[in-house]
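# Coordinate inspection notes
Each chain, letter by letter, is given below.
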Amino acid sequence: MGPGQLYQDLQNLVHDLGLVNQISTMISSLKGNYQNVNGTVAQDWVSGLQRLIFKKEEEIRAADRCRIQLQLPGKQDKYGRPMFFTAVFNTLSPSIKQAWISKMQMAKLALQEDNIQGWFCAEDDGKQMRKQNHPLLLKQMAVVMSKLQEFKVECAVHNPEPHVNTDSTADLPVMGHGCVWVASCTNHMGQVSIVALQNSNPKVTECFNVESRILCMTYVPLDEPLENVEIKPEVRKASDTPTVCLGMEEGSISVYKSSQRSKKVRLQHFFSPDKSSVTCLVYKSGCLYAGLVSGSLVVYSRADDGSWVESGARLLKLGVLPVKALLVVGENVWASSGGQIFIISTQTHTVERQFEAHQEEGMVVSHMVVAGVGIWISFSTGSTLRLFHTETLDHLQDINIATAVNNILPGQQRVSVSSLLVCHGLLLVGTNLGVTVALSIPRLQGIPKVTGRGMVSFHAHHGPVKFLTMATAVCNVSQATMATLTSNTPSQCQPGAPEVEGSQLDENCSGVGCNSTSSPSHAPVLQDSLSSSCGSLALSQGSLEHGPEDGAIYDLLNEPVHFQKAKQTEKVNVSSLLVVSGGLGHCRINRKTKQSKHEEMVATIMVWQIPLPSLEKR
């Protein structure tokens, strides 16, 4: 049955319900008592029609989730004006429709001018090759809400919390990418810009200042609840709220509530031992690990109220040089000081093993990322990356990126690594010259040796690529549903999410965790749908009224604001993920353009979309 017929059936039911309500009012004014004509029977009629209206609304929403409408160009009219015609077709399931639209949007993005010649790949003969699955530039944008040019991008962290739809009349896409906190700094202060990664138009939604330069950030999720333990609202702790921790140059750590539904109030602020600058932060197993410029590692644990205990923190002296990199690998935390790598147990908080990453004097480890059973390590000087085995610590491979970079830049410039990220079969390397190198590594678990000569992006920053951060897909929720969830136990916001397929992301992906967020409860659905039928009889959120999305393609079938109970266990196909790079300004290496000094020096991010290969249906 088509949506038009379903809508007509709904209108008929609403009409009949109005008449039955009138009949019910007239029956209540009868003087006598009759066996089959009384108030109880009339109320049964009303309840039955309300159930039928609710069922019909569900059928309309189901039809919308499987229907695609395209606006296609046709012949010009007699006045030479362009004409369009509309084509509508149905899919067998909402997931097929979502996958189809995602592929269409990716194809349109790949045909944009910025992506037709976005990457350079040189083989032995020096010819350029086109790669089908190279990252696509989605958008480049300024992130500093200030006209002061002193602000420079420093670091970023992905916040995987779902986007909350505040518009009660708009449908909400079932999948999003959370948001990214981007820190920009002057010589004396810092500014955090929160970039929402929704649909195909990332934008800055919030911004606030801090009193010191921000050197690092990390996302701290909800603590895992104990099994069979019910948490009462009046005994909630600070650990029941996801947070973002900021490491400051002044030697302090600031903790902010990360939810977009609240003001960015600082929950906690404390100093490291000797007020040493905090150079890196990671979270693992209920503990916060902070690397200091003094060469020490501080391990903070939770207090009974969920706050971080600063007085009894564990202090590990690793070396005399700053701890520049921290990385969670399984049940261990890897920390670097100078050219040494220290492996710390998250259970005992002691150094279990250590090794030297480079034998040359002055080679300081700057970045570490994990992929499978390998750790890629870069150094503050030089253009060489080293691969080590996570268990045997064997040195497996060296890769020099200088040749690839100098293929597209004039002259033989000195190249060094400024950022590093492993992302679904790609080792992304940000450089001091502003370009990003993409090296291919195996997607499956194993030794992530680089194969091929890699690609170099024609899109670059004016200066070092300060960070590379991955944003995986998360499930969005509506404002009404989130209000219901937050009134219950915090644990309801995490488990029971729709199963994500289309990409099997490694838990050790550098940059963010790969956990999905939950599908909301079914309770608000029934209540809201019945209220819409019993009250003004207005149609529910999933009506046939809709607007265009992304030009000619209309996403009429986005998951509605309400989630159906039957859809809570449906697999959600993920066709792409996002990578965000940060630096000063934006330029095209293969194109000469004149830019103002302000455009070259403004704090800027580039958002890349990386296609993921589809998995076979199970």
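Keep in mind the model is a prediction, meaning the values are calculated, not measured. Every chain is numbered independently, its residues counted from 1 as its sequence is written. Only residues with pLDDT of 70 or above have their local features reported here, since the model is predicted, and side-chain atom pairs are shown and tallied only from 80 upward, although totals for entire chains, interfaces and linings are computed over all residues. Processing note: side-chain calculations cover all non-hydrogen atoms of the structure and skip hydrogens and water entirely.

Moving on: the overall build of the protein chain. The helix and strand tally for the protein chain stands at 8 helices and 40 strands. Out of the 618 residues belonging to the protein chain, those deemed buried represent 52%. Contacts: residue pairs with any heavy atoms within 4.5 Å of one another. Of the contacts made within the protein chain by residues no fewer than 6 positions apart, 63% connect residues no fewer than 24 positions apart. Here, Shrake-Rupley sampling with a 1.4 Å probe gives the accessible areas, and only protein chains in the shown set may cover a residue. Accessible surface computed for the protein chain: about 29200 Å², of which carbon and sulfur atoms make up 51%. Strands here are runs of E lasting at least two residues and helices are runs of H or I lasting at least four, both read from the DSSP assignment and numbered beginning at the N terminus. Relative accessibility decides the category of a residue: with a 1.4 Å probe and only protein chains considered, values under 20% of the type maximum give buried, values over 50% give exposed, and everything between is partly exposed.

Another point: the packing of aromatic side chains. Note on ring pairs: Phe, Tyr and Trp rings are taken, using the six-membered ring of Trp, and paired if centres are within 6.5 Å. Classes follow the plane angle, with under 30 degrees stacked, over 60 edge-to-face and the rest tilted. Summed over all chains, the structure comprises 9 aromatic pairs. Look at F89 and W100: their rings are 5.5 Å apart centre to centre, the planes differ by 80°, and that puts the pair in the edge-to-face class. With a gap of 11 residues between them, F89 in strand β2 (residues 84-90) and W100 in helix α3 (residues 94-110) connect regions that are remote in the sequence. Residue classification places F89 among the partly exposed residues on the basis of a relative accessible area of 31%. Here Y283 and W308 contribute two aromatic rings whose centre-to-centre distance is 6.3 Å and whose plane-to-plane angle is 70°, an arrangement assigned as edge-to-face. Placement of Y283 in strand β15 (residues 278-284) and of W308 in the loop between β17 (296-300) and β18 (314-317) is noted, with a sequence separation of 25 residues between them. With a relative accessible area of 3%, W308 lands in the buried category. By the ring-pair criterion, three or more aromatic residues cluster together here, those being W181, F208 and Y256. Sitting above the plane of the F271 ring, K275 keeps its charged end 4.7 Å from the centroid. The side chain of R302 reaches across the aromatic face of W308, ending 4.0 Å from its centre. Here, a charge over a ring is recorded when the distance from Lys NZ or Arg CZ to the ring centre is within 6 Å and its angle to the ring normal is within 35 degrees.

This paragraph deals with the sheet that holds strand β28 (residues 426-431). Being paired, for any two strands, means DSSP has found at least two bridges between them. As summarised here, the arrangement of the 5 strands in space is β3-β30-β29-β28-β27, forming an open sheet in which the pairing is antiparallel. Since the sheet does not close on itself, it has two edges, and those belong to β3 (119-120) and β27 (417-423), each with one partner. Sheet topology note: the β27/β28 ladder contains 6 bridges and is antiparallel. The residue of β28 that forms the bridge with C423 is L426.

In this section: the nonpolar core. Nonpolar core, defined: a set of buried Ala, Val, Leu, Ile, Met, Phe, Trp, Tyr and Cys residues in which side-chain atoms within 4.5 Å join the residues together. W376, L385, I401, L427, V429 and L439 are the most contacted members of the largest nonpolar core, which totals 28 residues. Those residues in contact with L427 that sit more than four places away from it in its chain are V369, W376, L385, L420, L421, V422, V437, A438, L439, I441 and V450. Residues V153, A156, A471 and L578 belong to the second largest nonpolar core, which totals 21 residues.

For side chains of opposite charge, pairing can occur when their charged atoms come near one another. Salt bridges, as used here, are contacts in which a Lys or Arg side-chain nitrogen is within 4 Å of a carboxyl oxygen on Asp or Glu. With the rule as written, the count across this model stands at 10 salt bridges. Where R81 meets D77, a salt bridge forms, and the shortest distance between an N and an O atom there is 2.9 Å. Among the salt bridges present, the one from K284 reaches E331, with a minimum N-O distance of 3.9 Å. With K284 in strand β15 and E331 in the loop between β19 (323-329) and β20 (332-337), the pair connects residues that are 47 residues apart, well separated along the chain. In this structure, a network of salt bridges that share partners links the residues E154, R213, E249 and K466.

This paragraph deals with the sheet that holds strand β23 (residues 365-371). Pairing within the open sheet is antiparallel, and its 4 strands lie in the order β23-β24-β25-β26. Two strands close off the open sheet at either side, each with one partner strand: β23 and β26 (395-400). Direction aside, neighbouring strands of the sheet carry axes that sit 20° apart on average. The pairing of β23 with strand β24 (residues 374-379) spans 6 bridges and is antiparallel. Bridge pairing in β24 links V369 to W376. The axes are straight lines fitted to the C-alpha atoms, using for helices just the contacting stretch, and the angles between their N-to-C directions are given from 0 to 180°.

Patch building starts from residues that exceed 30% relative accessible area and form no salt bridge, then joins like charges within 9 Å and nonpolar side chains (Val, Leu, Ile, Met, Phe, Trp, Tyr) within 5 Å. On the surface, L30, Y34 and V37 cluster together to form a nonpolar patch covering roughly 280 Å² of accessible area. Note that V37 resides in the loop between α1 (3-28) and α2 (39-64).

Here the focus is unusual backbone geometry. Although it is not a glycine, D274 adopts a positive phi angle of roughly 60°. Inspection of the secondary structure puts D274 in the loop between β14 (266-271) and β15. Look at D274 and you get exposed, because its relative accessible area is 78%. Notably, K275 is not glycine yet its phi reads approximately 55°, a positive angle. You can see K275 is positioned in the loop between β14 and β15. For K275, a relative accessible area of 54% corresponds to the exposed category.

What follows covers the confidence of the model for the protein chain. For every residue, the predictor assigns a confidence score, pLDDT, that lies between 0 and 100. In this model, the protein chain carries an average pLDDT of 77, and 73% of its residues clear a pLDDT of 70 or more. Here residues 124-130 is a poorly scored stretch, pLDDT under 50, and it has 10 contacts once near neighbours within four places are set aside; other chains count. Contacts of residues 167-172 to residues separated by more than four positions or lying in other chains number 17 contacts, the stretch itself having pLDDT below 50.

A few words on the environment of T436. Within the fold, T436 resides in strand β29 (residues 436-440). With a relative accessible area of 5%, T436 lands in the buried category. Excluding residues that lie within four positions of it along the chain, T436 makes contacts with W119, V429, M455, V456, S457 and V465.

A separate point is the environment of L396. Checked against the element boundaries, L396 lands in strand β26. Taking the relative accessible area as the measure of exposure, L396 reaches 25% and is therefore partly exposed. Each C-alpha atom, one on L396 and one on I447, is 8.6 Å from the other, the two residues being 51 residues apart in sequence.

So, about the pairing of strand β16 (residues 287-292). Consecutive side chains along a regular strand alternate between the two faces of the sheet. Judged by how many residues are buried, β16 sits mostly within the fold: 6 of 6 residues are covered. Across the two faces of β16 the burial is the same, with C287, Y289 and G291 and L288, A290 and L292 all buried. In the sheet, β15 pairs with β16 via 6 bridges, with the strands oriented antiparallel. By the bridge assignment, K284 is partnered in β16 with C287. Sheet analysis places β16 next to β17, joined by 4 bridges and oriented antiparallel.

Two cysteine sulfurs form what is called a disulfide whenever their separation falls within 2.5 Å. Per the counting criterion, the structure on display carries 0 disulfides. Of all cysteine sulfurs, the one in C280 lies closest to C216, which takes part in no disulfide; the gap is 6.2 Å. Overall, the relative accessible area of 6% leaves C216 in the buried class. Using a relative accessible area of 7% as the deciding quantity, one classes C280 as buried.

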